[in-house]
Amino acid sequence: MLTGLAFAGASSAYAQAAKPAAKPAEKVVTKPLPAGLDPSAGAAPFASTYKPLPGRATAIVGATVLTATGQQIENGVVFFSGGKIVSVGGAGTAVPADVAVIDGKGKWVTPGVIDAHSHLGVYSSPGVQARSDGNEVTDPNTAQVWAEHSVWPHDPGFNRARAGGVTTLQILPGSANLFGGRSVTLKNVPSHTMQGMKFPGAPYGVKMACGENPKRVYGGRSRAPSTAMGNVAGYRAAWINAADYKRKWDDYRAKVEKGEKADAPKRDLQLDTLMGVLNGEILVQNHCYRGDEMAVMIDIGKEFGYRTTMFHHAVEAYKVGDLLAKEDVCFATWASWQGFKMESLDGIDANAAIAYKAGACTVIHSDDPIMTQRLNQEAALAMAAGNRIGMNINRAEAIAWITANPAKALGIGDKTGSLVAGKAADVVLWSSDPFSVYAKAEKVFIDGGLAYDRNDPQYQPKSDFELGQPGEGAFHQ
Amino acid sequence: MIRTMLFGGACALALTTAASAETVAITNAKIETVAAAGTIASGVIVLTDGKITAVGANVSVPSGARVIDAKGGVVTPGLIAPSSNLGASEIGGVRETRDDGSGTEMSAGFDIAYSINPDSPVIALARDGGVTGAAITPTLSGGGGGAHRDDGDAELEALQNYTAGRAGDGDPRLFAGQAALIRLAAGDTDIVTKAKVAVALDLGQAGARAAGGSRGAAIVLVKSAFEDARAFARNRSAFEKGATRDFGLSRIDLEALIPVIEGKTPLLVRVRRASDIRQVLKLAAEEKVKIILEGAEEGWIAAADIAKAGVPVIIDTQADLPDSFETLASRLDNAARLQAAGVAVAITGSRDFNNLRLQRLNAGLAVANGMPYQAALASVTAVPAKIWGMSSVGTLEVGKTADVVVWNGDPLETTTWPTAVFVGGQQQPTEYRGLKLRDRYARPAGAYPRAY
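It should be emphasised that the depicted structure is a prediction, and the values quoted were computed from it without experimental measurement. (Residues numbered from 1 in each chain as written. Chains lettered and ligands numbered in written order. Predicted model: local features only at pLDDT ≥ 70, side-chain atom pairs only at ≥ 80, totals over all residues. Heavy atoms only, no water.)

Engineer: Kindly report on the overall build of chain A, identifying the contributing residues and their values.
Structural biologist: Assigned secondary structure in chain A consists of eleven helices and 16 strands. Taken over the C-alpha trace, chain A has a radius of gyration of 24 Å; the compact-globule value for 477 residues is 23 Å, and the two agree within 12%. Projected onto the principal axes, the alpha-carbon positions of chain A cover approximately 85 × 50 × 45 Å. Looking at chain A residue by residue over its 477 residues, the buried ones come to 58%. Summed over its atoms, the accessible surface of chain A is roughly 17800 Å², and 54% of this surface lies on carbon and sulfur atoms. (Helix = DSSP H or I, 4+ residues; strand = E, 2+ residues; numbered from the N terminus. Rg over C-alpha atoms; globule rule 2.2 N^0.38 Å. Buried < 20%, exposed > 50% of the residue type's maximum accessible area, 1.4 Å probe, protein only. Areas by Shrake-Rupley, 256 points an atom, 1.4 Å probe, with all protein chains shown as cover.)

Right, dumping it as structure tokens:
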């Protein structure tokens with residue numbers, strides 16, 4: 001209502017200016033909006049306070065290195081300093097004399113694992129009602145909520161994930177709603193605040209959900225959506241509102257720019273998020289199981305001028321691999337979870353491999369505090385399912401499914417996800433081939449700081465919750 | 001390919017006799033006998049008329065035998081899922097396909113054997129993970145599973161809270177029902193090899209909820225149910241004449257508990273917290289009932305007590321999160337520590353049918369966390385066979401039923417898959433729904449839609 005009034009005001013200002021006989025419009029200097037009323041002015045709220053752990057210049061030598069850029073280097077060298085990768089190469093790679101050297105003989109090195117779909121912190125352990133903070137199940141569109149405001153940084157699950165090599169996670173709201181809210185990307189370091197984990201410079205995502213969950217949750221309450229077509233009507237209505245809201249802000253800014261009188265639209269947190277998508281600042285992270293529904297969602301993007309960044313739980317990506325490749329939409333899937341509900345019935349082990357071979361950007365994700373600890377093995381299962389039908393997918397390719405590709409899909413591919421000079425030194429030293437069931441992450445570096453060491457209790461952090469409990473630190477050996 | 005076609009559909013039945021009369025020799029194999037013979041680095045195993053007739057390094061191939069060259073791969077006993085809803089539930093989120101829970105009208109008497117569908121496509125999926133036998137166990141909540149917490153599914157959440165009994169009305173419906181054993185043989189119209197092999201009981205948090213809110217209530221109700229079953233067994237005719245006091249359970253449920261209180265049929269107790277495990281051990285001793293523990297996430301703390309009581313446990317080795325206040329001490333080496341303490345440990349995949357084939361990887365995870373390799377192999381073969389009294393399977397020894405899997409590598413490894421699966425000496429079809437979908441979409445699109 002207020003938004004409408006404000007807009008009417010702006011229109012009359014325009015009408016005044018357009019009177020032919022009037023004097024030239026007086027230049028108006030519009031006062032900047034107070035903090036919190038302009039979605040794009042001032043410092044971003046809830047800013048990251050992340051500080052890398054102390055690190056030292058380190059070279060891991062003699063290990064098999066998977067760079068996530070397609071290379072497997074035997075007897076390789078990975079050298080990092082100042083939190084960044086400095087050089088990666090074969091045995092002859094030069095390393096300064098005064099750095100820490102880790103003997104990697106018989107071991108493997110990969111970039112830090114990135115879980116593109118996590119609910120750690122929002123569905124914490126222990127899973128009690130009082131900490132069930134992942135789904136704002138009160139309206140089909142809750143684009144106004146931000147997952148970061150639900151994150152409990154003391155969730156012991158973060159520690160378990162780190163011991164599995166996970167250095168970065170996207171924390172998403174749940175899938176009960178058409179628009180579940182904003183995601184947040186975290187560095188997997190212990191912190192007593194969410195801001196202390198927030199990945200500097202990572203864009204937000206908006207969680208959208210296709211299919212059964214929204215229509216079941218709201219249909220069960222005799223309100224829209226209760227059908228798949230109701231879902232689509234809901235997405236489209238939201239984008240119409242978002243486009244209108246964006247137009248109002250664009251008009252306002254154009255007037256301010258020209259020095260004309262202008263009333264600012266009233267800020268709306270829900271529409272802020274969606275406008276962010278239309279402005280290309282916020283990525284669309286869309287829970288969508290079925291291939292046919294992915295095709296519909298891609299068309300909605302075309303109708304309203306946005307692009308879906310990634311389909312999550314895309315167990316039918318293999319049916320639309322060519323479409324995903326053509327439209328440059330990533331997909332994230334499990335290798336082995338399928339058949340647990342109607343929309344996952346056609347999930348197959350070779351899903352990732354088939355869509356990958358069709359050229360689609362492939363990601364293996366967890367959605368689960370247990371599986372996130374072994375995404376390397378889930379990628380191995382996905383690779384093996386392809387190789388079972390002669391696809392010859394190798395480790396140098398498949399490692400990107402849990403590192404470089406999720407980095408791309410989270411909009412941080414320029415910062416992390418591969419072992420390339422200049423990128424963050426997010427590095428895992430594995431006890432053996434990370435695609436093996438027997439492999440364990442031995443050392444995990446985040447921005448060059450040693451965040452976890454399987455053989456040194458000093459680098460096995462415990463969350464506040466774990467202290468004094470029967471299981472204090474129990475996952476360590 | 002030809003084999004696949006032969007074994008498809010109606011032909012499978014017709015071939016059953018012929019196939020089981022066949023002699024098969026698997027050669028050039030690393031044989032894991034999971035028995036006294038241990039590992040045979042390179043040998044031959046012969047299957048005749050559904051039985052293992054020879055196994056060893058120096059076994060000659062009988063004349064006329066069909067030879068399968070394992071090409072240096074590994075041969076193991078067929079895996080046995082120690083507790084699953086396979087065949088009794090098809091799609092977790094589709095209520096109509098879920099028959100592994102007793103519902104509101106019954107507890108111990110519920111018999112899951114009647115729920116099992118031998119034609120369920122998920123049986124072939126499990127077999128593709130090397131599973132040839134399974135214990136099918138009922139669940140308190142109505143079963144299913146596989147739903148994610150982030151679904152926001154109030155209905156499923158409610159179902160988890162929904163108990164088999166009407167809490168508070170004095171009706172101790174804590175028991176989930178009776179378990180059954182199955183063999184994963186394609187073409188068999190009846191895959192149940194034995195029904196009523198155990199009565200499942202959820203204690204701890206789930207039992208407390210079913211009992212109306214507390215652990216103290218749950219144990220008291222269980223003891224009361226046993227007392228009722230004893231009174232019922234002592235004087236059935238009085239019951240028929242209506243001349244007994246009121247019992248908390250129905251006749252059907254009391255009948256099912258009689259073999260339990262007689263110590264003939266075990267109670268499968270799902271319990272997680274160390275103190276709850278100790279309570280259950282005490283309860284079993286007092287009531288003189290046989291028990292099997294399932295879950296036992298904090299089992300390692302009570303390992304010595306469990307070993308002393310000679311109680312076997314069924315472990316999900318992935319369970320390392322303090323995901324509830326009864327699993328605060330969960331740890332990845334739970335299985336290894338229990339096994340080292342002398343407890344018979346069976347390793348399960350996910351209880352749910354669709355992840356059942358990952359059982360072997362959970363055994364691999366146990367190895368990664370300290371369990372000896374041979375013990376891990378046994379935990380998915382010989383140990384579950386022993387727990388469930390399946391004396392004819394679980395090892396590769398002469399005279400045993402030929403439930404045998406040929407793998408292209410280490411069976412516990414991620415990059416391995418079965419290349420041949422035998423149940424009762426009969427080679428199983430390799431096709432299943434998932435592979436048909438795979439093959440439809442793995443090939444390039446043609447001018448016609450793929451449905452042609």
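Engineer: Mind laying out helix α6 (residues 291-304) of chain A, listing which residues take part and the relevant values?
Structural biologist: Residue and element names in this part refer to chain A. An ideal rise of 1.5 Å per residue puts 20 Å on 14 residues; α6 measures up with 21 Å between its terminal C-alpha atoms. Burial in α6 covers these residues: Gly291, Glu293, Met294, Met297, Ile298, Ile300, Gly301 and Phe304. Buried residues of α6 fall within an arc of 165° about the axis and therefore sit on the same side. Of the residues trailing α6, Gly305 is marked for its positive phi of about 80°. (Expected span 1.5 Å × (residues − 1). Arc of directions from axis to C-beta.)

Engineer: An account of helix α4 (residues 228-258) of chain A is needed here, citing residue identities and associated values.
Structural biologist: Residue and element names in this part refer to chain A. Taking 1.5 Å of rise per residue, the 31 residues of α4 would be expected to cover 45 Å, and the 45 Å separating its terminal C-alpha atoms lies within 8% of that figure. Asn231, Tyr235, Ala238, Trp239, Ala242, Tyr245, Lys248, Trp249, Tyr252 and Lys255 are the residues of α4 that are buried. Backbone geometry just downstream of α4 places Gly259 in the positive-phi region, at approximately 80°.

Engineer: I'd like a description of the nonpolar core, backed by residues and values.
Structural biologist: Phe175(B), Leu257(B), Leu267(B), Ile291(B), Leu293(B), Ile306(B) and Trp388(B) are the most contacted members of the largest nonpolar core, which totals 101 residues. Sorting elements by how many residues they give to this core places helix α6 (residues 215-234) of chain B first, with eight residues. Counting 96 residues, the second largest nonpolar core, distinct from the first, contains Trp108(A), Ala143(A), Ala353(A) and Leu437(B). (Core = buried A, V, L, I, M, F, W, Y, C linked by side-chain atoms within 4.5 Å.)

Engineer: Outline the packing of α6(B) against helix α9 (residues 274-287) of chain B, listing residues and values.
Structural biologist: All names here are of chain B. For the pair α6 and α9, interaxial distance at closest approach is 12 Å and the crossing angle is 20°. With respect to their mutual orientation, α6 and α9 come out roughly parallel. For the element pair α6 and α9, the recorded crossing hand is right-handed. Within the contact between the two elements, α6 uses Arg215, Ile219, Val222, Lys223, Phe226 and Arg230 and α9 uses Asp276, Gln279, Leu283, Glu286 and Glu287. (Axes fitted to C-alpha atoms, helices over the stretch in contact; angles between N-to-C directions. Parallel < 35°, antiparallel > 145°, perpendicular 65-115°, else oblique. Left-handed = near helix turned anticlockwise from the far one by under 90°. Contact = heavy atoms within 4.5 Å.)

On their own, these measurements won't tell you what the molecule is for.
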